[in-house]
Amino acid sequence: MNISQIDSGIISNIKLDKNYYVLKLEAPSMFKDAQPGQFVHVRTCNCGEPLLRRPFSIHKITPAKAKSSQHKFDLDILYELKGKGTALLSRKQAGEYVNILGPLGKGFDCQDLHTKEKTHILIAGGMGVAPLLFLAHKISQHSKNKIIVLIGAANSHKILCEKDFEDLSCRVHIATEDGSCGFKGMITAFFEKKLLPKANQPISVYACGPKAMLTNLAKICMIKKIPLQVSLEEFMGCGIGACLGCAIETKAGFKRVCHDGPVFCAEDISWKF
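Residues numbered from 1 in each chain as written. Predicted model: local features only at pLDDT ≥ 70, side-chain atom pairs only at ≥ 80, totals over all residues. Heavy atoms only, no water.

1. Concerning the overall build of the protein chain
The number of helices and strands found in the protein chain is 6 helices and 16 strands. Taking 273 residues into account, the globule formula puts the C-alpha radius of gyration at 19 Å, and the protein chain, at 18 Å, falls close to it. Along the first, second and third principal axes, the C-alpha atoms of the protein chain reach 50 × 40 × 40 Å. Taking all 273 residues of the protein chain together, 52% fall into the buried category. In the protein chain, of all internal contacts separated by at least 6 residues, the share reaching a separation of at least 24 is 64%. The average position of the 36 basic charges and that of the 25 acidic charges among the side chains of the protein chain differ by 2 Å. (Helix = DSSP H or I, 4+ residues; strand = E, 2+ residues; numbered from the N terminus. Rg over C-alpha atoms; globule rule 2.2 N^0.38 Å. Buried < 20%, exposed > 50% of the residue type's maximum accessible area, 1.4 Å probe, protein only. Contact = heavy atoms within 4.5 Å. Lys, Arg positive; Asp, Glu negative; His and termini not counted. Charge placed at Lys NZ, Arg CZ, Asp CG, Glu CD.)

Spelled out as structure tokens, the structure:
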């Protein structure tokens, strides 16, 4: 797939809640073939500080309403205000530009969507919803597939995108650690104790979230022999596999999350159970 580095026009930068935003950008035609789980590397300012780009999952890609020779698609990025880079990004306004590099990385394997009837379970921890909405869009294009989405967070204020998934006819379940919304406890506990016992057809699981959540989920799926793909969150320097700053240990040696991932089959990773 082609990778582009462009100054992308900002269509909107909408504040969802105190610390969450959706940035909508103009994207060239090559983003048509972007895969769920891939990301873009964004330069948050042109002042030299912060020096490094910031990686953001592709949240959504839709055909542009006002097409031009350069602007073929709208690219959505969901981000959380949590540092200098995202603080600078939150101040950007429609009509300004940000430099993006992408689409980067390896996304979710969706090759069996056309042929196999199964239940696809998407599990998000906090900001893990970011790449999974794009994945839900992809899966929903095939009528054979049933989609169940599990969203977990510390409290109800950190539950994101519930309605977006419901608009795709996904069945959504919520878990919060403080019990302020949905199941009280970890989303992995809901998956293991409440959802799995009722599964009546083949399932595949896709997940993104904190490392502890993914580790626990990987253990459950390995015991149950359930296929699991995980999108990993690691600090990235270059975003193209050159700096080795995001290397993780797998059963085949060290792999670069930005280049060999960020999506991996869970069975290939050397988890520390």
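Continuing now.
2. Side note on helix H5 (residues 211-224)
Between its first and last C-alpha, H5 extends 20 Å over 14 residues, near the 20 Å set by a 1.5 Å rise per residue. Taken as a whole, H5 has its buried residues at Met 213, Leu 214, Thr 215, Leu 217, Ala 218, Ile 220 and Cys 221. At its buried positions, H5 is contacted by strand S8 (119-125), helix H4 (187-195), strand S12 (203-208) and strand S13 (228-231). (Expected span 1.5 Å × (residues − 1).)

3. Structural notes on the packing of aromatic side chains
A full pass over the atoms with the stated rule returns 4 aromatic pairs. With centroids separated by 5.5 Å and ring planes inclined at 65°, the aromatic side chains of Phe 183 and Phe 190 adopt a geometry described as edge-to-face. Feature note: the residues Tyr 21, Phe 56 and Tyr 79 constitute an aromatic cluster, connected by ring pairs. (Phe/Tyr/Trp six-rings, centres within 6.5 Å; stacked < 30°, edge-to-face > 60°.)

4. Some thoughts on the pairing of strand S9 (residues 146-153)
Where burial is concerned, most of S9 is hidden: 7 out of the 8 residues are buried. The pairing of S8 with S9 spans 7 bridges and is classified as parallel. Along S9, the bridge assignment pairs His 120 with Ile 147. (Pairing = 2+ DSSP bridges.)

5. Description of the sheet that holds strand S5 (residues 60-63)
The strand order across the open sheet built from 7 strands is S4-S3-S7-S1-S2-S6-S5, with neighbouring strands paired in antiparallel fashion. Edge positions in the sheet fall to strand S4 (54-57) and S5, since each has one partner strand and no second. Ignoring which end each strand starts from, the neighbouring axes of this sheet average 35° apart. Where helix H2 (residues 129-140) meets the sheet, its contacts fall on S4, S5 and strand S6 (73-80), and the angle it forms with S5 comes to roughly 45°. (Axes fitted to C-alpha atoms, helices over the stretch in contact; angles between N-to-C directions.)

6. Here's the deal with the pattern of salt bridges
Pairing between side chains becomes possible if they bear opposite charge and their charged atoms approach one another. Inspection of every chain in the model, using the stated rule, returns 4 salt bridges. Between Asp 76 and Lys 24 there is a salt bridge whose closest N-O contact spans 2.8 Å. Of the two residues, Asp 76 sits in strand S6 while Lys 24 sits in strand S2 (residues 20-27), which places them 52 residues apart along the sequence. (Salt bridge = Lys/Arg side-chain N within 4 Å of Asp/Glu carboxyl O.)

7. As for a positive patch on the surface
Taken together, Lys 146, Arg 171, Lys 193, Lys 194 and Lys 198 make up a surface patch of like positive charges. Along the polypeptide, Lys 193 turns up in helix H4. (Patch = residues over 30% accessible without salt bridge, like charges linked within 9 Å, V, L, I, M, F, W, Y side chains within 5 Å. Areas by Shrake-Rupley, 256 points an atom, 1.4 Å probe, with all protein chains shown as cover.)

8. A look at the sheet that holds S9
Judged by pairing direction, the sheet is mixed, and its 7 strands sit side by side in the order S11-S10-S9-S8-S12-S13-S16 without closing on themselves. Only two strands of the sheet have a single neighbouring strand rather than two, namely strand S11 (183-184) and strand S16 (263-265). Sheet strands touched by H2: S8, S9, S12 and S13. Its angle to S8, the strand with the most contacts, is close to 165°.

9. Structural notes on unusual backbone geometry
Cis geometry marks the peptide bond from Gly 102 to Pro 103; its omega dihedral reads -5°. The residue Pro 103 is located in strand S7 (residues 97-104) in this model. Cis geometry marks the peptide bond from Gly 261 to Pro 262; its omega dihedral reads 10°. Of note, Pro 262 is situated in the loop between helix H6 (257-260) and S16. Phi at Ser 169 takes a positive value of approximately 65°, unusual for a residue other than glycine. Note on placement: Ser 169 falls in the loop between helix H3 (162-166) and strand S10 (171-176). The residue Lys 225 is not glycine, and still its phi comes out positive at about 60°. Note that Lys 225 resides in the loop between H5 and S13.

10. Quick look at the environment of Pro 50
On the secondary structure map, Pro 50 appears in the loop between strand S3 (39-43) and S4. In this structure the C-alpha to C-alpha distance between Pro 50 and Gly 85, which are 35 residues apart in sequence, comes to 6.4 Å.

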